[in-house]
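Structural characterization, general
What follows is the residue order along each chain.
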Amino acid sequence: MINGITVGGSYALIALGYTMVYGILRIVNFAHGDVFMMGSFFGLFCMQFLGMPYYVAFPIAAIATAIMGIIMERIAYRPIRTADSLTVMISALGVSTFLGNLAMVLWGSGTHAFSGFSGITVSVYKFDNVVLSNIQIGFIVLSVLLMMALYFIVNKTKIGIAMRATSHNIKTAKLMGINTDRIISFTFGIGSALACVAGLLVGIYYDAVYPLIGYSYGLKAFAAAVLGGIGSIPGAMLGGFVMGIVETLGASYISAGYRDAFAFAILIIVLIFRPAGILGKKEIDKV
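The following paragraphs examine the structure supplied in this document. (Residues numbered from 1 in each chain as written. Predicted model: local features only at pLDDT ≥ 70, side-chain atom pairs only at ≥ 80, totals over all residues. Heavy atoms only, no water.)

What follows is about the overall build of the protein chain. From N to C terminus, the protein chain includes 11 helices and 2 strands. In the protein chain, the order of α-helices and β-strands from amino to carboxyl end is α-α-α-α-β-β-α-α-α-α-α-α-α. Scaling as 2.2 N^0.38, a compact globule of 287 residues should have a C-alpha radius of gyration of about 19 Å, and the protein chain matches this with 19 Å. Along the longest, intermediate and shortest principal axes, the C-alpha atoms of the protein chain span 60 × 45 × 35 Å. Expressed as a percentage of the 287 residues in the protein chain, the buried residues total 47%. Across the protein chain, the fraction of contacts at a sequence separation of at least 24, relative to all contacts at a separation of at least 6, is 73%. Surface accessibility of the protein chain: about 14,400 Å² in total, with carbon and sulfur atoms responsible for 67%. (Helix = DSSP H or I, 4+ residues; strand = E, 2+ residues; numbered from the N terminus. Rg over C-alpha atoms; globule rule 2.2 N^0.38 Å. Buried < 20%, exposed > 50% of the residue type's maximum accessible area, 1.4 Å probe, protein only. Contact = heavy atoms within 4.5 Å. Areas by Shrake-Rupley, 256 points an atom, 1.4 Å probe, with all protein chains shown as cover.)

What follows deals with the nonpolar core. Ranked by size, the top nonpolar core spans 78 residues in total, and within it Leu16, Phe36, Met38, Tyr77 and Leu150 carry the most contacts. Sort the elements by how many residues they give to this core and helix H8 (residues 180–206) lands first, with 14 residues. (Core = buried A, V, L, I, M, F, W, Y, C linked by side-chain atoms within 4.5 Å.)

Below, the discussion takes up helix H1 (residues 2–25). An α-helix turns once per 3.6 residues; consequently, residues spaced three or four apart project the same way. Given a rise of 1.5 Å per residue, 24 residues ought to cover 34 Å, and the 35 Å separating the end C-alpha atoms of H1 matches this to within 8%. Counting buried positions along H1 gives 20 out of 24 residues, so the element sits mostly inside the fold. (Expected span 1.5 Å × (residues − 1).)

Okay, the pattern of salt bridges next. Within the structure shown, the criterion is met by 6 salt bridges. Between Asp181 and Arg81 there is a salt bridge, and its shortest N-O distance comes to 2.7 Å. Residue Asp181 is found in helix H8, and its partner Arg81 is found in the loop between helix H3 (54–77) and helix H4 (85–107); the two are separated by 100 residues along the sequence. Given a relative accessible area of 28%, Asp181 falls into the partly exposed group. One salt bridge connects Lys220 with Asp260, and the closest N-O pair in it is separated by 2.5 Å. Taken together, the residues Lys220 in helix H9 (residues 213–228) and Asp260 in helix H11 (residues 259–273) connect sequence positions 40 residues apart. Taking the relative accessible area as the measure of exposure, Lys220 reaches 10% and is therefore buried. (Salt bridge = Lys/Arg side-chain N within 4 Å of Asp/Glu carboxyl O.)

Remark: H9 packs on H11, axes separated minimally by 10 Å, with the N-to-C direction vectors making an angle of 25 degrees. In this view, H9 runs roughly parallel relative to H11, as classed from their interaxial angle. At the point where H9 passes H11, the crossing takes the left-handed sense. Within the contact between the two elements, H9 uses Leu219, Lys220, Ala223, Val226 and Leu227 and H11 uses Asp260, Phe264, Ile266, Leu267, Val270 and Leu271. Of the residues in the contact of H9 with H11, the class split is 9 nonpolar, no polar and 2 charged. (Axes fitted to C-alpha atoms, helices over the stretch in contact; angles between N-to-C directions. Parallel < 35°, antiparallel > 145°, perpendicular 65-115°, else oblique. Left-handed = near helix turned anticlockwise from the far one by under 90°. Nonpolar A, V, L, I, M, F, W, Y, C, P; charged D, E, K, R; others polar.)

This part takes up unusual backbone geometry. A positive phi angle, near 60 degrees, is found at Arg26, a position not held by glycine. Tracing the chain through its elements places Arg26 in the loop between H1 and helix H2 (32–48). The exposure class of Arg26 is partly exposed, given its relative accessible area of 39%. Positive phi outside glycine occurs at Asp207, with the angle close to 55 degrees. By the element assignment, Asp207 lies in the loop between H8 and H9. Overall, Asp207 belongs to the partly exposed group, its relative accessible area being 30%.

In the sheet, strand E1 (residues 124–127) pairs with strand E2 (residues 130–133) via 4 bridges, with the strands oriented antiparallel. Within E2, the residue paired with Val124 across the bridge is Ser133. Joining the antiparallel neighbours E1 and E2 is a turn of 2 residues, in which Asp128 adopts a positive phi near 60 degrees. (Pairing = 2+ DSSP bridges.)

What follows concerns the packing of aromatic side chains. This model, assessed by the stated rule, comprises 12 aromatic pairs. Aromatic pair Tyr54 and Phe58: ring centres 6.3 Å apart, planes at 80 degrees, arrangement edge-to-face. Of this pair, Tyr54 and Phe58 both sit in helix H3, 4 residues apart, roughly one helical turn. Clustering of aromatic rings is evident, with ring pairs tying together Tyr11, Phe36 and Tyr217. (Phe/Tyr/Trp six-rings, centres within 6.5 Å; stacked < 30°, edge-to-face > 60°.)

What follows is the structure, encoded as structure tokens:
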């Protein structure tokens, strides 16, 4: 369960980026998994080549990734915002391919270890039959705190009200004086920053990062967003933890070779009985 919650926290942080962008623009940012990957490399670069401790590298990498997300929205999505969904999907896949190859050019195609650069000493605590490390504790606590902070921003702040208004009806939000372009850029930025933190936590937890890591995590995080109800922030959080726990329990008690199958099997089962996801709401479109 502890391993499942830890892994689920990373899925939830990445899924939040998917669900926020979909909630506002009704598009799926398929490049979001590669944003997660680039964020982990930014953090590794800060720690390895610039000699920064993790508590300095984390915020700087998150800011850099947020800026990258804003630029990505400005170049790849804003010009085709009113185009059909197929055009947007092709653009997203193009950005994903670009980021993956850019990472290979800059850092190579091999696996890079975080050990020796983060400055984090691993400590293990044992409570009866439960083994828990300080990295797992930090992973879970930081993930939950970031999710709570995002929930507060969306529901209790002025910019959060603007985000919800833009999500509800972008045209009406414009008529009410909301700068929707700025709100959309902010959404991409904050989603990218959360993906960066997830990438850094995963890199430190597994002591590895490589250019193709964004594919598997991005796919599972998207499945988690759909499972929880894409467009719902609490749904993305719940979906991420459910995916992580089911995957880990299945790998532990049945077979580790089918860990991905267990995660997607629960997704299929939930969507059969509840197509909108666990916390998703049915939408009625007037014709």
